[in-house]
Amino acid sequence: MTANKHTDGSEAHRCPVCGTSGAGVFFEALQVPVHCNVLWPTQAEALAAPRGDIRLAFCEACGHIFNVAFDPSLMTYTQQYENSLHFSPRFQQFAESLAARLVERYNLHGKDIIEIGCGKGDFLRLLCELGGNRGVGFDPSYDPALMDGDLPDGLTFVQDFYSPHYADYKADLICCRHVLEHIEQPTAFIANVRRAVGMQDAALYFEVPNVLYTLRDRGIWDVIYEHPSYYSAASLGALFTASGFDVHSLEETYQGQFLSVEATPAAAAVGRQHAATSDRQAMRRLVSSFAESYRTKVSAWQRTLANITTAGQRAVIWGAGSKGVTFLNTLRAQDSIGFVVDINPRKQGQYVAGTGQEIVPPEFLQEYRPDVVIVMNPIYMQEIQQMTADLGLMPTLIHV
Ligand SMILES: [Zn+2]
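Residues numbered from 1 in each chain as written. Predicted model: local features only at pLDDT ≥ 70, side-chain atom pairs only at ≥ 80, totals over all residues.

**A short note on the overall build of the chain**
Step number 1: Per the secondary structure count, the chain includes 10 helices and 18 strands.
Step number 2: C-alpha extents for the chain along the principal axes are approximately 65 × 60 × 35 Å.
Step number 3: Taken over 400 residues, the chain has a buried fraction of 43%.
Step number 4: Across the chain, every contact between residues at least 6 apart in sequence was considered, and the portion connecting residues at least 24 apart equals 67%. (Helix = DSSP H or I, 4+ residues; strand = E, 2+ residues; numbered from the N terminus. Buried ≥ 20, exposed ≤ 12 C-beta atoms within 10 Å, placed from the backbone. Contact = placed C-beta atoms within 7 Å.)

The structure is reproduced here in structure tokens:
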């Protein structure tokens, strides 16, 4: 990221979405693990995981937030990377209803669908099955060895980034979920998508974490090194219109935690914005109080963990995703938390970056008998309550 010194010595940074200079840093978290979703096979390797700095800046011009200390050379996405959420019934339900909504809204029957950053291809498979569609998934980390069973007819995967090189791939819908926040140069990325789409009659559906949720609902465990960019409705809309898309919808989903944009190729170089965006004034206020509310929340959790330890209780974390890894590292909770539960079998037996706890299956709790289970996302409280009850356990459940 480029930076210029102000006369008072503070740095002003250029926004990766709108190009405006002058974004100021409002929050720092130094030496955090670079990857929350890379698994480590031994505790020693987990403790020695690479670290990087987070220094968040706010662009007042377009409402975008970005990490000015992001160093792309630290990031390597390999097949080790595991962020599939489809093991959670709650998330699976969300994906299914989203797929059904997209199939209906865009009349996707016997059509062509492209997914950018398709991961293991779970969502693309859903879209194809629901409407009898053909699907092409692009992902440099796609690993055929991890597919369950044979590929259904009409579904193919390309182990590469989607680019104008693939402009001859027809698309009625292009979807891309939880990818943009990982991209350091989003304007170049979306401009590339625009060139690849050409003047096809295609609809776009992109989904990212909602920075307003992080700011407003103090979702502080969502600030992670893997995300150089944090989108508001305003900056997400600005990104697409500037790259030649007409923006038709900007919506908060997943109880406000996600933000989605729906767009189509514009006839002009710059597209039109047909959707309302977030209140920039309110966002400015939230940004200015974020560092303080972050500190307040961290101290409250430090007290909670100290109380658990003093009372001689056993506590585990439920959820070895980015929230859990960030929680453990921020609170340096090596002493108070022994294990992390995760229902994803691909994570079990591995170790948490930075703090080194082992990731265990829910059944492990029958033997370990924790007094407290700390749930990393309130949205999963009900399903975790059910799972612990099914194991014959009645720990105290608290969520972050
Ligand atoms: Zn900007």
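**Brief notes about helix H4 (residues 186-197)**
Step number 1: Between its terminal C-alpha atoms H4 stretches 16 Å, which fits the 16 Å expected from 12 residues at 1.5 Å a residue.
Step number 2: Those residues of H4 lying buried are Pro 186, Phe 189, Ile 190, Val 193, Arg 194, Ala 196 and Val 197. Axial view of H4: buried residues confined to an arc of 165 degrees, hence all on one face.
Step number 3: Looking at the buried side of H4, the elements it contacts are strand S9 (173-177), strand S11 (229-230), helix H6 (233-242), strand S12 (245-253) and strand S13 (258-265).
Step number 4: Two residues or fewer after H4 comes Gly 198, characterised by a positive phi angle close to 60 degrees. (Expected span 1.5 Å × (residues − 1). Arc of directions from axis to C-beta.)

**Here's the deal with the nonpolar core**
Step number 1: Counting 67 residues, the largest nonpolar core has Leu 127, Leu 173, Ile 174 and Leu 236 as its most contacted members.
Step number 2: With six residues, the single largest contributor to this core is H6.
Step number 3: Once residues lying within four places of it in the same chain are set aside, the contact partners of Leu 173 are Leu 102, Tyr 106, Leu 108, Lys 111, Ile 113, Ala 202, Ala 203 and Tyr 205.
Step number 4: Grouped together as the second largest cluster of nonpolar side chains are 40 residues, Val 223, Phe 327, Ala 333 and Ile 359 included. (Core = buried A, V, L, I, M, F, W, Y, C linked by C-beta atoms within 7 Å.)

**Re the sheet that holds S11**
Step number 1: Spatially, S3-S4-S5-S11 is the arrangement adopted by the four strands of the open sheet, whose pairing is antiparallel. In this open sheet, the two strands that pair with only one neighbour each are strand S3 (24-33) and S11.
Step number 2: Contacting S3 and strand S4 (51-59), helix H7 (residues 280-310) runs over the sheet at an angle of about 35 degrees to S3. (Pairing = 2+ DSSP bridges. Axes fitted to C-alpha atoms, helices over the stretch in contact; angles between N-to-C directions.)

**Remarks on the domain arrangement of the chain**
Step number 1: In terms of domains, the chain is made up of domain 1 (89-282) and domain 2 (314-399).
Step number 2: With seven residues of domain 1 in contact, the opposing surface of domain 2 contributes eight residues.
Step number 3: When grouped by side-chain class, the residues that make up the side of domain 1 that touches domain 2 number three nonpolar, one polar and three charged. (Domains from an automatic or database assignment. Nonpolar A, V, L, I, M, F, W, Y, C, P; charged D, E, K, R; others polar.)

**Looking at the packing of H4 against H6**
Step number 1: Running from N to C, H4 and H6 point in directions that differ by 50 degrees, and their axes come no closer than 9 Å. By the angle between their axes, H4 is oblique relative to H6. Along this stretch, H4 crosses H6, giving a crossing that reads as right-handed. In this structure, H4 contributes Pro 186, Thr 187 and Ile 190 to the contact, and H6 contributes Leu 239, Phe 240 and Ala 242.
Step number 2: Taken together, the residues of the contact of H4 with H6 sort by class into five nonpolar, one polar and no charged. (Parallel < 35°, antiparallel > 145°, perpendicular 65-115°, else oblique. Left-handed = near helix turned anticlockwise from the far one by under 90°.)

**Description of the pairing of strand S10 (residues 203-209)**
Step number 1: Taking burial as the measure, the seven residues of S10 include six buried ones, the bulk of the element.
Step number 2: Two elements, S9 and S10, share five bridges in a ladder whose sense is parallel. What sits directly across from Cys 176, in S10, is Phe 206.
Step number 3: Relative to S13, S10 runs antiparallel, the two being bridged by six bridges. Note on S13: the bridge partner recorded for Glu 207 is Ser 260.

**Topic: the sheet that holds strand S18 (residues 396-399)**
Step number 1: Strand order across the open sheet formed by five strands is S16-S15-S14-S17-S18, with parallel pairing between neighbours. Each edge of the sheet is formed by a strand with only one pairing partner; in this case those strands are strand S16 (358-360) and S18. Neighbour-to-neighbour, the strand axes of the sheet open up by a mean angle of 30 degrees, direction not taken into account.
Step number 2: As judged from the four bridges shared by strand S14 (residues 315-318) and strand S15 (residues 337-341), these two strands associate in the parallel manner. Each residue of the ladder has a partner; that of Trp 318, found in S15, is Val 341.

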